[in-house]
Amino acid sequence: MKPQQINKLYSHLTPSEQANLAFTAAIRHDESEVDLILNSVEKKTYITTHADYQSRIHGLVQLSGVFGTAYWKTFFKLSTANLSKTGQAFDELSQKYINEFISLNTALNNVCKSLQIDSDSIRTFAECKGINPNFEGLPFKGIANDDFLKQYTTLFTAAAKV
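**Overview of the overall build of the protein**
Okay, so step 1: Broken down by element type, the protein carries seven helices and zero strands.
Okay, so step 2: Listed by position from the N terminus, the elements making up the protein come as α-α-α-α-α-α-α.
Okay, so step 3: Looking at the 162 residues of the protein, the share that counts as buried comes to 30%.
Okay, so step 4: In the protein, 71% of the contacts between residues at least 6 apart in sequence involve partners at least 24 apart.
Okay, so step 5: Accessible area for the protein stands at about 11100 Å²; split by element, carbon and sulfur atoms hold 57% of it.

Here it is, written out as structure tokens:
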């Protein structure tokens, strides 16, 4: 079939069907089919909120998702780490997860401060508010806190598209 004939067929599909075909064509690296599909997609003009607003809202939602995933992953690792019989001294692995947990919360606080938004808003949306174990006064030992802090700050900053 000629490209014009195929284009006519693509134009009879729903936008969802066109998107499905374009996605699979892109996965196959079939640029000519992607172009044909894109050319057949109906064009619309929309009035929407400011692009910076949309970008920030999207970034905050994304930050909440990334934080929530990291939070629950670290919370799980921490909750399954071995504690000593007295429950007061932590083994090396437990200390690593404590450092990581404190660092991820500190990184969120720092990134939110730079975004001028309350970090509890992000925690609430991520369903992580009010579940923080209290590690105040525990020293950082073993794995450096700075490594985790840098890792999570970079991750959260990228997620929020700062």
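That shown, we press on.
**Observations regarding a nonpolar patch on the surface**
Okay, so step 1: Side chains of Tyr53, Ile57, Val61 and Phe125 sit close together on the surface and give an oily, nonpolar patch of about 400 Å² of accessible area.
Okay, so step 2: In terms of residue count, helix H4 (residues 51-80) provides more of the nonpolar patch than any other element does, three residues in total.
Okay, so step 3: Among the structural elements, Val61 can be located in helix H4.
Okay, so step 4: On the basis of relative accessibility, which here comes to 44%, the residue Val61 falls in the partly exposed class.

**With respect to the packing of aromatic side chains**
Okay, so step 1: In total, this model carries eight aromatic pairs according to the counting rule given.
Okay, so step 2: Taken together, a centroid distance of 5.7 Å and an interplanar angle of 65° make the contact between Phe67 and Phe156 edge-to-face. Of this pair, Phe67 sits in helix H4 while Phe156 sits in helix H7 (residues 145-160), and the two are 89 residues apart along the sequence. Considered together, Phe67 and Phe156 belong to a single accessibility category, that of buried residues.
Okay, so step 3: Three or more aromatic residues link up through ring pairs in this structure, and these residues are Phe67, Tyr71, Trp72, Phe75, Phe101, Tyr152 and Phe156.

**A look at H7**
One turn of an α-helix holds 3.6 residues; hence residues three or four places apart share an orientation.
Okay, so step 1: Taking 1.5 Å of rise per residue, 16 residues should cover 22 Å, and H7 covers 22 Å from first to last C-alpha, within 8% of that figure.
Okay, so step 2: Here H7 has its buried residues at Asn145, Phe148, Tyr152, Phe156, Ala159 and Ala160. Down the axis of H7, the buried side of the element spans an arc of 90°, and every buried residue falls inside it. The exposed set on the far side of H7, more than 90 degrees from its buried face, consists of Lys150, Thr154 and Ala158.
Okay, so step 3: For H7, the secondary structure elements touched by its buried residues are H4 and helix H5 (92-115).
Okay, so step 4: Positive backbone phi, at 55°, marks Lys161, one or two positions downstream of H7.

**Description of the packing of helix H2 (residues 15-27) against helix H3 (residues 31-40)**
Okay, so step 1: Running from amino to carboxyl end, H2 crosses H3 at an angle of 160°, the nearest separation of the two axes being 9 Å. With respect to H3, the element H2 is oriented roughly antiparallel. Remark: the crossing between H2 and H3 carries left-handed chirality. Across the interface between the two elements, Gln18, Leu21, Ala22, Ala25 and Ala26 of H2 pack against Glu33, Val34, Ile37 and Ser40 of H3.
Okay, so step 2: Taken together, the residues of the contact of H2 with H3 break down into six nonpolar, two polar and one charged.

**Structural notes on the packing of H5 against H7**
Okay, so step 1: Close contact between H5 and H7 brings their axes to 8 Å; oriented N to C, the two are set at 40°. Viewed along their axes, H5 and H7 adopt a mutual orientation that is oblique. Crossing of H5 over H7 shows right-handed handedness. Residue-level contacts link Lys96, Asn99, Glu100, Ser103, Leu104, Thr106, Ala107, Leu108, Asn110, Val111 and Leu115 of H5 to Asn145, Phe148, Leu149, Tyr152, Thr153, Phe156, Thr157 and Ala160 of H7.
Okay, so step 2: Residue classes in the contact of H5 with H7 are distributed as ten nonpolar, seven polar and two charged.

Quick notes on the rules
Residues numbered from 1 in each chain as written. Predicted model: local features only at pLDDT ≥ 70, side-chain atom pairs only at ≥ 80, totals over all residues. Heavy atoms only, no water. Helix = DSSP H or I, 4+ residues; strand = E, 2+ residues; numbered from the N terminus. Buried < 20%, exposed > 50% of the residue type's maximum accessible area, 1.4 Å probe, protein only. Contact = heavy atoms within 4.5 Å. Areas by Shrake-Rupley, 256 points an atom, 1.4 Å probe, with all protein chains shown as cover. Patch = residues over 30% accessible without salt bridge, like charges linked within 9 Å, V, L, I, M, F, W, Y side chains within 5 Å. Salt bridge = Lys/Arg side-chain N within 4 Å of Asp/Glu carboxyl O. Phe/Tyr/Trp six-rings, centres within 6.5 Å; stacked < 30°, edge-to-face > 60°. Expected span 1.5 Å × (residues − 1). Arc of directions from axis to C-beta. Axes fitted to C-alpha atoms, helices over the stretch in contact; angles between N-to-C directions. Parallel < 35°, antiparallel > 145°, perpendicular 65-115°, else oblique. Left-handed = near helix turned anticlockwise from the far one by under 90°. Nonpolar A, V, L, I, M, F, W, Y, C, P; charged D, E, K, R; others polar.

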